[in-house]
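# Structural overview for review
Listed here are the chains, written in short residue letters.
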Amino acid sequence: MDDTLNKTLCLIEELETAKSLIVSGFGELQEIRMGNDFYHLPQLLLAGGFERLMKCYICLVYEARSGEYPSTEFLRKSLGHDLKKLKGKIIDEYFNTNCIPLLQSDLEFIKKDILLDKIISVLSELGQKARYYNLDIVTGSKKPPIDPKREWEELEREIEDPTPYLSLDSMERLERDYYPRVNAKIIAKLERQFRSIAMQFTLGQHGGKLKQFSPILSQFIVLRDAEFGTTDYRNTTKMAIRTKDNWHKRKKVDALKSKWPSTLLNKDGFQSDWPFRSEEVVVELREKIFYVINIEGYDFALNGAAQSRFGYPYPHDTGMAILGKSIGPFIEKAFLLNNEIS
């Protein structure tokens, strides 16, 4: 096989791997909650994925300019595993805006966004210094140890203070609202960084082979600003959707005409942030304690009592509600239906 063709095929595989690692990392980050603090997995996936993505991009632009791919020495010694250095290299030498407002906005974002810089810093430290934190402690390594779990928890606290959720009567909100909301903000920043690089494969107009590689990244090239942080990447959600035939079906009209108090709510005019992918829902109160919601002809649980009693899944667990957007206002709506019970 021609050497250049072989290198190109390997680069295609590497770029596909980068995207898969990042998508998996987003999914694992969305799984973080009170009962799952295994930060190491999403950190490793995201650190490895973004390193590969940025290096693939640099290799392709380098080839477009020089007619050949960079050497091993350039890639390893000049770029290394430092994600901040890689990002800076792209900003300074490999990013074209071509006077396109979207690309100019993306460049300003990856240059100046403070939260993105912090996220990249933590992931970069993991790649360089914290992969074997526990073993470094055990073996008495002279390198200053960095605890990746502690670093990530500090990042979470910088985004939002968890203290108000630590009382016993708020622990459910910590699980339901805090972790999904914080992770949605982290993912939104990383999605935009991904898109800013992916758009360079098309609108960057670098020439060479970049446009040929762009279909691999189409998922992020077409991502709109309003969609940042709203995609559900979890494998558990995909598995839940596969069991959709087992979900409890009930038409909207039947939910509204049931013997239990209910109310129809619409996205238009709703004062709080609308969390559902559907434009309207029916909230129902059963026996004063079971909070149920009907979405697109299926029943879901709004509280633990309804989930236990009827076996209905939660809207967030099935992808019917957007992670990071609270269903708290709908729980309150269900509670207020008590006033309709004589």
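Up top you'll find the structure we're talking about.
What this report covers is the structure whose coordinates are included nearby. Since the model is a prediction, treat every value here as computed from it, not as a measurement. (Residues numbered from 1 in each chain as written. Predicted model: local features only at pLDDT ≥ 70, side-chain atom pairs only at ≥ 80, totals over all residues. Heavy atoms only, no water.)

### So, the sheet that holds strand E2 (residues 280-286)
Rules: The rule for pairing is simple: two strands pair if DSSP sees at least two bridges between them. Strands are runs of DSSP state E lasting at least two residues, helices are runs of H or I lasting at least four, and both sets are numbered from the N terminus onward. Axis angles are defined between N-to-C directions and span 0 to 180 degrees, where every axis is a line fitted to C-alpha atoms and, for a helix, only to the segment in contact. Here a residue-residue contact requires only that any non-hydrogen atoms of the pair lie within 4.5 Å.
Strand order in the open sheet formed by 4 strands is E1-E2-E3-E4, and the pairing between neighbours is antiparallel. The two strands at the open ends of the sheet, each matched to only one other strand, are strand E1 (262-266) and strand E4 (298-301). Averaged over neighbouring strand pairs, the angle between their axes works out to 30 degrees when direction is ignored. Alignment of E2 against strand E3 (residues 290-295), held across 5 bridges, turns out to be antiparallel. Paired with Val282 across the bridge in E3 is Asn294. Taken strand by strand, helix H15 (residues 328-336) contacts E1, E2 and E3, and its axis lies near 45 degrees from that of E2.

### Describing the packing of helix H2 (residues 40-66) against helix H4 (residues 83-94)
Heads up, the rule is: Oblique is the label for any angle not covered by the other classes, which are roughly parallel (under 35 degrees), roughly antiparallel (over 145) and roughly perpendicular (65 to 115). Two helices that cross are described as forming a left-handed crossing if the nearer one is turned anticlockwise from the farther one by less than a right angle, and a right-handed crossing if clockwise. Lys, Arg, Asp and Glu make up the charged group, whereas Ala, Val, Leu, Ile, Met, Phe, Trp, Tyr, Cys and Pro make up the nonpolar group; the residues left over, Gly among them, are polar.
Between H2 and H4, the least distance of the axes is 10 Å, while the angle of their chain directions is 30 degrees. As far as their axial angle goes, H4 and H2 are roughly parallel. Crossing angle aside, the handedness with which H2 passes H4 is left-handed. In contact with Ala47, Phe50, Glu51, Met54, Lys55, Tyr57, Ile58, Val61, Tyr62 and Arg65 of H2, H4 contributes Leu83, Leu86, Lys87, Lys89, Ile90, Glu93 and Tyr94. When the residues that make up the contact of H2 with H4 are grouped by side-chain class, the tally is 11 nonpolar, no polar and 6 charged.

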